[in-house]
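# Secondary and tertiary structure notes
Take a look at the letters that make up each chain.
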Amino acid sequence: MSREPIVGIDLGTTNSLVAICDARGPRTISDRSGSPLVPSAVTYTQGSAVVGADARSGAPAHPRHTILSVKRLMGRSLPEVSADLPFLSYAVEPGPRGTCRVRIPGDAGNADLVLSPEEVSASILRHLKQLAESHLGTEVRKAVITVPAYFDDAQRQATRTAARLAGLEAVRLVPEPTAAALAYGLGLSAGDRTPRHVAVYDLGGGTFDISILRLTPAEGDDPFFFQVLAVGGDTRLGGDDADHLIADLFRREIQDRTGAPPAPDAARGLVTLAEQVKVRLSEHDTAPVRIDLGPSGVYERTLAREEFESLIAPLVDRTIDRCRQALAAAAAELRGKSLDAVVLVGGSTRIPLVRRRVAECFNLEPYTALDPDQVVALGASVQAAVLSGDRSGTLLLDVIPLSLGVETVGGAVAKVIMRNSPVPARATEMFSTSVDNQTAFRLAVFQGEREMASDCRKLGEFHLRGLPPMPAGIPQLELTFLVDANGVLGVSALERRSGRRASMQVIPNHGLTPEEVDRIERESVTHAREDMTRHRIVDLIANSNLDLKWIGERYDRFSHELSPADRETLAACMARLRELVARASADWKSVPPDDLHQAKEALDRASVRLQEISIAASLRGGPLRPG
Ligand code: ADP
Ligand code: MG
């Protein structure tokens, strides 16, 4: 990469992920275990911090040393999180200035650890940063990080701080639903300026969020692609509740059968087991359950999907109620227009009942092509690629070619918007006075990379007058620079103590006409969608080749055991997929990804009998060598 990589990070309550988007398209980065999901769990013992799966699985053994769901504490005061406390296994106490802290008891001669939520999040972010660095082989210092749409300033600020503590600059915080829409290329509609309306339904581990978005290609004075029309949800509703319902069912039945509740050891394992059962029921109609109760015997039963669905129906109903409320809240903005898409986000949207109910509620088949627990991270990486502008001509939104700043005391320039920031861009900086009783500011706006105003190009100046006399350093001058999609720079000044305001507008010289800016933007967004399709094709080719190899080898050995009809179908499916793969490999645009996907699925289905035969053969001890 010619320029510094910017990664996309989904910093989740339950799981976190890091993704990168480059010429190969957006993709999440996996650790050695092969999974990109890093459980948002940190265990602090004996002076060290363990992050991820090991921390999650060790949580029952170290409840007071393992910090889970720290996202709930970010930027909040103790009273604000009081409702969460009963669900947290670790100690939370008040910190300075209305913040909260977690206290981890000392061990092995170490004193208690008292940490801010930012520090705990920083441990997770550091882990993700290292994951990305070892994958990319280069240092990673910048990230786009997603936050819930409802996060307020304090929560966003805490997220930025966590990033800084982890050695990452959060170049942008993106709302999670916006990222999900971006991952699907929604809102990147080439040439077409009609707004799209999208619902993002996000059911994670412990939280449910519904957002209704309007996606408008940037235009005129409105610098926003994505507008959140309504948000709703429940911060205490998610997949964990389903686990508990299943675990409760098992507990009740064990009690009924044995006359006593399960022993503490068995009880602790119940929730973990319940989650496994739940996950299996997303794919299968039944899940076998077997729990060794020691002297009281064995608890054995099969949980059917229908049974599971009636168990969780009230939970799903609650999410659907919230969806209706959000739709009602957005009704005025929607003005009778119906939604264009529904995007599913969060691991729990893999539950078939959830998918059915969402489809019913919105009367739309939801978008599920991307992994629901990866889609937010993928979208963050798409945004990162847009920001880094390092996409060999593609996905390059117009950028600000030279930094914009304001002259400060002594003739230096304080840069407010850095060069290569994409438009629209907005940045705010605080300034104050250096002499007592200054009642006016002269604000001279410059463009350029040099440090001194005399070496930069002056774009204009304006004054903020009528301030009450104050000692030096006391006035709080908030300067906001906003470059809209057409490259018009607006600078506004607000002195916060007196409320005085002033502003001006200029057009910094981009060397580009608005038409050219439009064209570049259109092309870049076209490419964004193209990149996404290409990414999918490349993945499909790779997976198809693996299937063809695996099935081909077994076909050579065992096809004589198939019925002639099965053999013929299978051969035809292989030939069809081979042909599509060959065409797609020669020119990825020549094959629609859905065709390739269907051919691959068809082969999967046609090879079931062959797979059974080959498994039976391997069980008979036949010398089946791995391919
Ligand atoms: P968060 O956004 O809160 O960090 P995730 O989106 O990672 O959470 O979702 C985690 C939840 O998804 C967990 O409750 C997990 O059990 C659930 N989950 C993951 N995979 C499946 C599946 N295949 N079927 C049902 N639930 C699943
Ligand atoms: Mg999430």
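### Regarding a nonpolar patch on the surface
A cluster of nonpolar side chains, Tyr150, Val228 and Val231, forms an exposed patch at the surface whose accessible area comes to about 240 Å². Using a relative accessible area of 42% as the deciding quantity, one classes Val231 as partly exposed.

### Quick look at the site of ligand 1
Close to ligand 1 lie 17 residues, the nearest being Thr14, Asn15, Glu275, Lys278 and Ser282. One of the backbone N or O atoms of Thr14 is found 2.8 Å from an oxygen atom in ligand 1. A distance of 3.3 Å separates an oxygen atom of ligand 1 from a polar backbone atom of Ser348. Its free accessible area being 590 Å², ligand 1 has 89% of it covered by the protein chains. When contributions to the shell around ligand 1 are tallied by element, the ones reaching two or more residues are α5 (239–258) and α6 (264–283). No other element matches α6, which puts 4 residues into the shell around ligand 1. Looking at the shell around ligand 1 residue by residue, the class counts come to 2 nonpolar, 11 polar and 4 charged.

### Considering the pattern of salt bridges
The tally for this structure, following the rule as stated, stands at 33 salt bridges. Ionic pairing is found between Glu333 and Arg214, a salt bridge with its closest N-O pair at 3.4 Å. Of the two residues, Glu333 is situated in helix α7 (residues 305–334) and Arg214 in strand β14 (residues 208–215); the sequence distance between them amounts to 119 residues. The exposure class assigned to Glu333 is partly exposed, which follows from its relative accessible area of 31%. In this structure, the salt-bridge partner of Arg356 is Glu309, at a minimum N-O distance of 3.0 Å. Note that Arg356 is positioned in helix α8 (residues 352–362) and Glu309 in helix α7, a separation of 47 residues in sequence.

About the criteria used
The residue numbering used here restarts from 1 in each chain and proceeds along that chain's sequence as written. The order in which chains are written sets their letters, starting at A; the order in which ligands are written sets their numbers, starting at 1. Predicted model: local features are reported for residues with pLDDT of at least 70 only, side-chain atom pairs are reported and counted for 80 or more only, and whole-chain, interface and lining totals are derived from all residues. The side-chain numbers reported here are obtained from all heavy atoms of the structure, hydrogens and water having been left aside. Distance thresholds for patches are 9 Å for like charges and 5 Å for nonpolar side chains (Val, Leu, Ile, Met, Phe, Trp, Tyr), applied to residues having over 30% relative accessible area and no salt bridge. Shrake-Rupley sampling with a 1.4 Å probe provides the accessible areas, and residues are treated as covered by the protein chains on show and by no other component. Between Lys or Arg on one side and Asp or Glu on the other, a salt bridge is scored when a side-chain nitrogen of the former is within 4 Å of a carboxyl oxygen of the latter. Exposed residues in this analysis have more than 50% of their type's maximum accessible area, buried residues have under 20%, and partly exposed residues fall in between, with area computed by a 1.4 Å probe over protein chains only. Residues are classed as near a molecule or strand on a simple rule: at least one heavy atom within 4 Å of it. Distance and chemistry together define a polar contact, namely a pair of N or O atoms within 3.5 Å, with one atom able to donate a hydrogen and the other to accept it when in protein, and with adjacent residues in sequence counting only for side-chain atoms on both sides. Secondary structure follows DSSP: runs of H or I at least 4 residues long count as helices, runs of E at least 2 residues long count as strands, and numbering of each begins at the N terminus. Under the convention adopted here, Pro, Cys and the residues Ala, Val, Leu, Ile, Met, Phe, Trp and Tyr are nonpolar, Asp, Glu, Lys and Arg are charged, and Gly plus all remaining residues are polar.

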